[in-house]
Amino acid sequence: MKAATRAMRQVLLGAACALWLGLAAGSGLAFTPDEPLDDAALEARARALHAELRCLVCQGQSIADSNAPLAQDMRTIVRERIAAGASDDAVRGFLTDRYGDYVLLDPPVKPETYALWFGPAAVFVAGAAIAFALLRRARAGTRETGASPLSAEERRRLDSLLDDDA
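Residues numbered from 1 in each chain as written. Predicted model: local features only at pLDDT ≥ 70, side-chain atom pairs only at ≥ 80, totals over all residues. Heavy atoms only, no water.

Draft legend 1. Fine view of the overall build of the protein chain. Scanning the protein chain from N- to C-terminus turns up six helices and zero strands. Mapped in sequence order, the helices and strands of the protein chain form the string α-α-α-α-α-α. Relative to its full complement of 166 residues, the protein chain shows a buried share of 17%. At a minimum sequence separation of 6, the contacts of the protein chain that also span at least 24 residues come to 47%. Here the protein chain has roughly 12,400 Å² of accessible surface; of this, 61% comes from carbon and sulfur atoms. (Helix = DSSP H or I, 4+ residues; strand = E, 2+ residues; numbered from the N terminus. Buried < 20%, exposed > 50% of the residue type's maximum accessible area, 1.4 Å probe, protein only. Contact = heavy atoms within 4.5 Å. Areas by Shrake-Rupley, 256 points an atom, 1.4 Å probe, with all protein chains shown as cover.)

Draft legend 2. Main features of the packing of aromatic side chains. Per the counting criterion, the structure on display carries one aromatic pair. Summarising the aromatic geometry, the rings of tyrosine 114 and phenylalanine 118 are spaced 5.6 Å apart at their centres and angled 55 degrees between planes, so their arrangement reads as tilted. In this pair, tyrosine 114 and phenylalanine 118 are both assigned in helix 5 (residues 114-144), four residues apart and thus about one turn of the helix distant. By relative accessible area, which is 41% here, tyrosine 114 ends up partly exposed. Above the ring of tyrosine 102, the side-chain terminus of arginine 54 is found at 4.3 Å from the ring centroid. (Phe/Tyr/Trp six-rings, centres within 6.5 Å; stacked < 30°, edge-to-face > 60°. Lys NZ or Arg CZ within 6 Å of the ring centre and 35° of its normal.)

Draft legend 3. Region of the structure containing the nonpolar core. By size, the foremost hydrophobic cluster in this structure holds 17 residues, and its most contacted members are Leu53, Ile63, Val78, Ile82, Val91 and Leu95. Those elements that provide at least two residues to this core are helix 2 (40-52), helix 3 (69-83) and helix 4 (88-99). If one sorts the elements of this core by residue count, helix 3 sits on top with five residues. Leaving out residues up to four positions away in the same chain, valine 78 has contacts with Ala46, Leu49, His50, Leu53, Ile63, Val91 and Leu95. (Core = buried A, V, L, I, M, F, W, Y, C linked by side-chain atoms within 4.5 Å.)

Draft legend 4. Local environment of helix 4. Counted at 1.5 Å a residue, the expected span for helix 4 with its twelve residues is 16 Å, and the 16 Å between its end C-alpha atoms agrees. Taken residue by residue, helix 4 has Val91, Leu95 and Thr96 as its buried positions. Each buried residue of helix 4 sits inside an arc of 130 degrees when the element is viewed along its axis, so together they form one side. Exposed residues pointing more than 90 degrees away from the buried face of helix 4 are listed as Asp89 and Asp97. Trailing helix 4 by a residue or two, glycine 100 shows a phi angle of about 95 degrees, which is positive. (Expected span 1.5 Å × (residues − 1). Arc of directions from axis to C-beta.)

Draft legend 5. Quick look at the pattern of salt bridges. One pass over the full model with this rule turns up seven salt bridges. Among the salt bridges present, the one from glutamate 52 reaches arginine 92, with a minimum N-O distance of 2.8 Å. Highlighted residues: glutamate 52 in helix 2 and arginine 92 in helix 4, separated in sequence by 40 residues. Residue glutamate 52 is classed as partly exposed on the basis of its relative accessible area, which comes to 33%. Of the charged contacts, one joins aspartate 89 and arginine 92 as a salt bridge, the two residues approaching to 2.6 Å between their closest N and O atoms. Placement of both aspartate 89 and arginine 92 in helix 4 is noted, with a separation of three residues, approximately one turn of the helix. (Salt bridge = Lys/Arg side-chain N within 4 Å of Asp/Glu carboxyl O.)

In structure tokens:
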């Protein structure tokens, strides 16, 4: 009888643990960072901001397109701030204060962002200038080493060498 009671307790304890684990796992899925806002207008504002903000992990994607954990956190921040009544500019300001102007896919043109705006063009111009200079130097070198006419002595010597081969 004791063995049957002990077995029954183990079964009940196992069932209770399984139930508890099932409930704990389900409660973790109750909230996702991409849970839409109740108000459709606020959700539209949040999605528009998601498309304007850069994922700092992926760098080439907006936070709307990225699955990186940081992008999910940023989407949550945007939704929380909009739900709290913040304007779009206030949300952008909060994120640029926190992450810098690079977080914006279209950063403002100001001295701090000149490298973002003009850096790629400057690198292209510098590369083109270097390539042009190297080509010019290479062409000048071929002109200097171009074949000059043979002197009479050189011509006579060449003819004698060619006659020896025949």
